[in-house]
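Structural overview for review
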Amino acid sequence: EVQLQASGGGLVQAGGSLKLSCAAAGFPFEDYAISWFRQAPGKEREGISCISISDGSTNYAESTKGRFTISSDNAKNTVYLQMSSLNPEDTAVYYCGADPVRECPDFRVLNSHGADYWGVGTQVTVSS
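Here is a short report on the structure shown in this document. Keep in mind it's a predicted model, so treat the numbers as computed, not measured.

Regarding its fold elements, the chain presents one helix and 11 strands. If you list the helices and strands of the chain from N to C, you get β-β-β-β-β-β-β-β-β-α-β-β. In summary, the chain has a C-alpha radius of gyration of 13 Å against a globular reference of 14 Å for 128 residues, a match within 12%. If you line up the chain on its principal axes, its C-alpha atoms span 40 × 30 × 25 Å.

This is how it looks when you write it as structure tokens:
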């Protein structure tokens, strides 16, 4: 059974940093693409980053490029999202999701369909 758990959220001041973790279990890690999503109150869910576990390739939403970095520790079956230069616009619940594909889905697919499997989200709040 596919299991995903996001953690590491919290309250941070504008300009600060947080590192989120997505612990995965119950599936062949290297056969999946793992993505991060976020959803703020009153806004649509947004795909923000994806990593291909098999080859390490990544992609990012324009709103996060240069500030967020996605990475994986395959020995721990864990994906990370290092977030820097945070601003109040980054306040949201952050989720990780998994798709049974070796390469990251196109962002059009991520934003329209989300992921096949979801973890419980973690709250990130950025104060001004």
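On we go from here.
To continue, consider the packing of aromatic side chains. Applying the stated criterion to the full structure yields five aromatic pairs. Measuring from ring centre to ring centre gives 4.6 Å for Phe 37 and Trp 118, while their planes differ by 55°; the resulting arrangement is tilted. In this pair, Phe 37 sits in strand 4 (residues 33–39) while Trp 118 sits in strand 10 (residues 117–118), placing the two residues 81 residues apart along the sequence. Within the aromatic cluster, the residues linked to one another by ring pairs are Phe 27, Phe 29, Tyr 32 and Tyr 117. Residue placement shows Lys 19 over the ring face of Tyr 80; its charged tip is 4.6 Å from the ring centre.

Taken in spatial order, the four strands of this open sheet run 1-3-8-7, and their pairing is antiparallel. Either end of the sheet is taken by a strand with one partner, and the two such strands are strand 1 (3–7) and strand 7 (68–73). Averaged over all neighbouring strand pairs, the angle between strand axes comes to 15°, with direction disregarded.

The next thing to look at is the state of the cysteines. In the structure shown here, the tally under the stated rule is two disulfides. Here Cys 22 is linked by a disulfide to Cys 96, with a sulfur-sulfur distance of 2.1 Å. Here the disulfide of Cys 22 and Cys 96 is right-handed, its torsion about the S-S bond being about 75°. On the criterion of sequence distance, the pair formed by Cys 22 in strand 3 (residues 18–25) and Cys 96 in strand 9 (residues 92–99) is long-range, its members being 74 residues apart. Considered together, Cys 22 and Cys 96 belong to a single accessibility category, that of buried residues. The connectivity of the disulfide-linked cysteines in the chain, indexed sequentially, is 1-3, 2-4.

Within the largest apolar cluster, 29 residues are counted, with the highest numbers of intra-cluster contacts made by Ile 34, Trp 36, Val 79, Leu 81, Met 83 and Tyr 94. At the level of elements, strand 1, strand 3, strand 4, strand 5 (46–52), strand 7, strand 8 (78–83), strand 9 and strand 11 (122–127) are the ones that each hand at least two residues to this core. Those residues in contact with Met 83 that lie beyond four places of it in its chain are Gly 16, Ser 17, Leu 18, Leu 20, Arg 67, Phe 68, Tyr 94 and Val 124. Of all hydrophobic cores here, the second largest spans eight residues; its members include Cys 50, Cys 104, Phe 107 and Ala 115.

Conventions adopted
Residues numbered from 1 in each chain as written. Predicted model: local features only at pLDDT ≥ 70, side-chain atom pairs only at ≥ 80, totals over all residues. Heavy atoms only, no water. Helix = DSSP H or I, 4+ residues; strand = E, 2+ residues; numbered from the N terminus. Rg over C-alpha atoms; globule rule 2.2 N^0.38 Å. Phe/Tyr/Trp six-rings, centres within 6.5 Å; stacked < 30°, edge-to-face > 60°. Lys NZ or Arg CZ within 6 Å of the ring centre and 35° of its normal. Pairing = 2+ DSSP bridges. Axes fitted to C-alpha atoms, helices over the stretch in contact; angles between N-to-C directions. Disulfide = S-S within 2.5 Å. Buried < 20%, exposed > 50% of the residue type's maximum accessible area, 1.4 Å probe, protein only. Core = buried A, V, L, I, M, F, W, Y, C linked by side-chain atoms within 4.5 Å. Contact = heavy atoms within 4.5 Å.

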